[in-house]
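Listed below are the residues making up each chain.
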Amino acid sequence: MAASGAAAPVGNVFPFRDARATPDPVLEAGPVAPGPLPVPLVLDNGSFQVRAGWACPGPDAGPEPRLQFRAVCARGRGAARGGAGPQVGNALGSLEPLRWMLRSPFDRNVPVNLELQELLFDYCFQHLGVSSQGCVDHPVVLTEAVCNPLYSRQMMSELLFECYRIPKVAYGIDSLFSFYHNKPKTSISSGLIISSGYQCTHILPILEGRLDAKNCKRINLGGSHAAGYLQRLLQLKYPGHLAAITLSRMEEILHEHSYIAEDYAEELQKWRCPDYYENNVHKMQLPFSSKLLGSTLTAEEKQERRQQQLRRLQELNARRREEKLQLDQERLDRLQYVQELLEDGQMDQFHKALMELNMDSPEELQSYIHKLSSAVEQAKQKILQSEVALEVDVVDSKPETPDLEPLEPTLEDVENISDSEPLFSEETPEVEKPVAAVQPVFNLAAYHQLFVGTERIRAPEIIFQPSLLGEEQAGVAETLQYILDRYPKDIQEVLVQNVFLTGGNLMYPGLKGRIEKELLAMRPFQSSFQVQLASNPVLDAWYGARDWALDHLDDDAVWITRKEYEEKGGEYFKEHSASNIYVPIHLPKQASRSSEAQASGKGSGASGGSAGEQA
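Please read all numbers here as calculations on a predicted model, not as lab measurements. (Residues numbered from 1 in each chain as written. Predicted model: local features only at pLDDT ≥ 70, side-chain atom pairs only at ≥ 80, totals over all residues. Heavy atoms only, no water.)

Asker: What am I meant to see in the overall build of the protein chain here?
Answerer: Each helix and strand in the protein chain was counted, giving 19 helices and 20 strands. The buried share among the 615 residues of the protein chain stands at 40%. When contacts within the protein chain are restricted to residue pairs at least 6 apart in sequence, those whose partners lie at least 24 apart make up 71%. For the protein chain, the computed accessible surface area is about 36500 Å², with 52% contributed by carbon and sulfur atoms. (Helix = DSSP H or I, 4+ residues; strand = E, 2+ residues; numbered from the N terminus. Buried < 20%, exposed > 50% of the residue type's maximum accessible area, 1.4 Å probe, protein only. Contact = heavy atoms within 4.5 Å. Areas by Shrake-Rupley, 256 points an atom, 1.4 Å probe, with all protein chains shown as cover.)

Here it is in structure tokens:
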């Protein structure tokens, strides 16, 4: 997100960066394990971005994850016919030309498409230097959604154990990993985590170091909804630039030019002041060409351009004629060969070839040969004529207007002039001044500017007021109040002492002050609370998962091994400090056949007795 202290350009005009993703390099091999255990792989599997890297102690793994790419895939049309295969993440470059082809394995924040998820894993393992042909001989730490459905976890475990044959895996929640990365490792803390991502916003209560899953709440709004809302606002404001107002540019405006207002109504009143608007509006400059309004070419340049276009058309037509002539010549040679079979008396081969040509008689064959011969001759003559006529005069369709000479006044015109209006001025005529070039009134650069004013606060405000989008949901403040009311007052006091903010959609300037203002309004008078923002809301989840993997590398109580997967199923996992709560599946026991027979016998006996009583 944009820092509020950054120096603004002159006139508050900001050009769009339109950044393109660069392809990730393919590493030759993974890091060497310092001990007998293999190095764990840490995958932050987010719905917006996937972050992958090694959990290595020391500087070997680098300050950031090795891979960061968008969690989208695009399949080429010619993939089934041997063309380019599916492209993933940074290999796509710019997303806008391929927006209609992009596919994601996520439904909101839950992976549901196993095939696309496999493509993301293949991309990770390939670019991290892991050979996934035989097996991935590394433990995997994988993030998952809050209260992840058992079916989704079962599908993920099946993919990792059956397809990649990993030795063991551990699942955890990204916001909990970020929470434990920002707190001292020795303390067992309680608190409230507010996590907002690309698709959803979660509020998670933590009691004595463990997640209270029964009181977790989700708001189905995130960064993607803010970008879509901002796109609709600007498209309604500038209907002439619908194609230029893309989702990628809206995400850029959100990340670098938006902020959260501490008091939304008061901030809107400030924007009504013309001076405040002029000083704070951000003018986003769209790319444009100065040749859009009219052509500045001279007549000679236009003539040369027409000749070049005509020459290209002639070359294209000549190429098509040659290709058609070649095909006709090959077919003619084939038909003449069949006719030679008839002349040589090879009747069996002749009739067989005639059937392959789908012809009935030698007369039909002769007719086709005659038609093809004439067509080939005509094509050859046209090619010769086009080669001879290389230069073609291009006639302009617009007739040139002749220069009209100024008409001299006739004698009758002079006689009709009154005496008060002398023919020649008595004053000394001034020297003719050169006519200055007329500057166009229309400013093309200003026409291609998007004035982003109140939209800077309206788009991120939806997580506090979902009604702006027409959503019948509670905002962050109302949901926070609802969760706190479910606990006794002493536990409420403990929770509000550690309100933790994380996630890529909570990097707006002013967000921490807005949360503090909302807590001040809902908490009792003179009560204390503390709000903390993650040191890196985007990457702290991966850092926390890496630290957790290093701390629990040899702890079998938190890892799911392949043997346990085969015995207990794919939905099974082990709880730990950053995981979900395991809720096993309880299926009703089926009654045995003997008990069913006894129950049916008792039922029939009871019905017979009642019938006898009625008789």
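Asker: Can you help me understand the UniProt feature "coiled-coil region" (unreviewed entry) in the protein chain in this one?
Answerer: Taken from the UniProt record, the annotation "coiled-coil region" (unreviewed entry) applies to residues 299–333. Annotated as 100% helix and 0% strand, the span residues 299–333 places its first and last C-alpha atoms 50 Å apart. (UniProt positions renumbered as here; feature names shortened; annotations may be inferred.)

Asker: I would appreciate a short explanation of the side chain of glutamate 267 in the present structure.
Answerer: Residue placement: glutamate 267 occurs in helix H6 (residues 264–271). An unpaired buried charge is present at glutamate 267: no salt bridge exists, and lysine 270, the closest side chain of opposite charge, is 4.0 Å distant. Apart from the residues lying within four places of it in its own chain, the contact partners of glutamate 267 are Tyr259, Ala261, Tyr276 and Ile457. (Lys, Arg positive; Asp, Glu negative; His and termini not counted. Salt bridge = Lys/Arg side-chain N within 4 Å of Asp/Glu carboxyl O.)

Asker: When you look at the pattern of salt bridges in this model, what are you seeing that I'm missing?
Answerer: A side chain with one charge can pair with a side chain of the opposite charge if their charged atoms come near. Under the counting rule described, the total for this entry stands at 19 salt bridges. A salt bridge links aspartate 18 to arginine 249, with the shortest nitrogen-to-oxygen separation between them at 2.9 Å. Here arginine 249 lies in helix H5 (residues 247–257) and aspartate 18 lies in the loop between strand S1 (13–15) and strand S2 (41–45), a separation of 231 residues in the sequence. Judged by relative accessible area, which is 36%, aspartate 18 ranks as partly exposed. With a relative accessible area of 12%, arginine 249 lands in the buried category. Between arginine 51 and aspartate 44 there is a salt bridge, and its shortest N-O distance comes to 3.0 Å.

Asker: It is not clear to me how the sheet that holds strand S11 (residues 168–173) should be interpreted in this structure. Could you clarify?
Answerer: Neighbouring strands of a sheet are bound in pairs by backbone hydrogen bonds; such pairs are parallel or else antiparallel. Strands sit in the order S4-S3-S2-S10-S11-S20 across an open sheet of six strands; the sheet is mixed. Both outer strands of the open sheet, strand S4 (67–70) and strand S20 (560–561), are each paired with one neighbouring strand and no more. (Pairing = 2+ DSSP bridges.)

Asker: Please clarify how the packing of aromatic side chains should be interpreted in this entry.
Answerer: Working definition: an aromatic ring pair is given by the centre-to-centre distance plus the angle between the planes. Scanning the entire structure with this criterion turns up 15 aromatic pairs. Between phenylalanine 69 and tyrosine 123 the ring centres are 4.7 Å apart and the planes differ by 65 degrees, which places this aromatic pair in the edge-to-face class. Highlighted residues: phenylalanine 69 in strand S4 and tyrosine 123 in helix H1 (residues 114–127), separated in sequence by 54 residues. We note that phenylalanine 69, like tyrosine 123, is buried. For the pair tryptophan 548 and tryptophan 559, a centre-to-centre distance of 5.8 Å together with 50 degrees between the ring planes defines the contact as tilted. With tryptophan 548 in helix H17 (residues 540–551) and tryptophan 559 in the loop between H17 and S20, this residue pair connects regions lying 11 residues apart in the sequence. (Phe/Tyr/Trp six-rings, centres within 6.5 Å; stacked < 30°, edge-to-face > 60°.)

Asker: Got a minute to help me understand the pairing of strand S10 (residues 140–144) in this structure?
Answerer: Along any regular strand the residues' side chains alternate between the sheet's two faces. Across the five residues that make up S10, a large majority, five, are buried. Both faces of S10 are covered, namely the face carrying Val140, Leu142 and Glu144 and the face carrying Val141 and Thr143. Handedness of the S10-helix H2 (residues 150–163)-S11 crossover: right-handed. (Right-handed = clockwise from strand over helix to strand, strands pointing away.)

Asker: Honestly, the sheet that holds strand S6 (residues 87–88) in this entry has me stumped. Any pointers?
Answerer: Strand order in the open sheet made by the three strands is S6-S5-S7, with antiparallel pairing throughout. Looking along the sheet, the strands with just one partner apiece sit at the ends: S6 and strand S7 (102–103). Where strand S5 (residues 73–74) lies against S7, two bridges are found, and the strand directions are antiparallel. Bridge pairing in S7 places alanine 74 opposite leucine 102.

Asker: Sorry, what's going on with the confidence of the model for the protein chain here?
Answerer: As a note on interpretation, predicted positions should not be read in detail where pLDDT is low. When pLDDT is averaged along the protein chain, the result is 83; 79% of the residues meet or exceed 70. This model gives residues 391–435 a pLDDT under 50, and the stretch forms nine contacts once residues within four places in sequence are excluded. Here residues 606–615 is a poorly scored stretch, pLDDT under 50, and it has zero contacts once near neighbours within four places are set aside; other chains count. (pLDDT = per-residue confidence, 0-100.)

Asker: Just to check I follow, could you spell out H6 for this structure?
Answerer: Each α-helix turn comprises 3.6 residues. Residues three or four places apart therefore point the same way. Inspection of H6 places Tyr264, Glu267 and Trp271 among the buried residues, and these make up the whole buried set. Burial along H6 is one-sided: seen end-on, the buried residues are contained in an arc of 60 degrees. Residues Ala265 and Gln269 are exposed on H6 and point more than 90 degrees away from its buried face. Against the buried residues of H6 lie helix H7 (274–280) and helix H13 (455–458). Two or three places before alanine 265, at the start of H6, stands the capping residue aspartate 263, its side-chain oxygen 3.4 Å from that residue's backbone nitrogen. (Arc of directions from axis to C-beta. Polar contact = N/O pair within 3.5 Å; in protein donor to acceptor, adjacent residues only side chain to side chain.)

Asker: Hey, could you run me through H17 in this one?
Answerer: Compared with the 16 Å implied by 1.5 Å per residue over 12 residues, the 16 Å span of H17 between its first and last C-alpha is a close match. Counting buried residues along H17, 10 of its 12 residues qualify, which places the element largely inside the surrounding structure. Those residues of H17 not exposed but buried are Asp540, Ala541, Trp542, Tyr543, Gly544, Ala545, Arg546, Asp547, Trp548 and Ala549. The inward-facing, buried residues of H17 abut S2, strand S3 (49–54), S10, S11 and helix H3 (174–181). (Expected span 1.5 Å × (residues − 1).)

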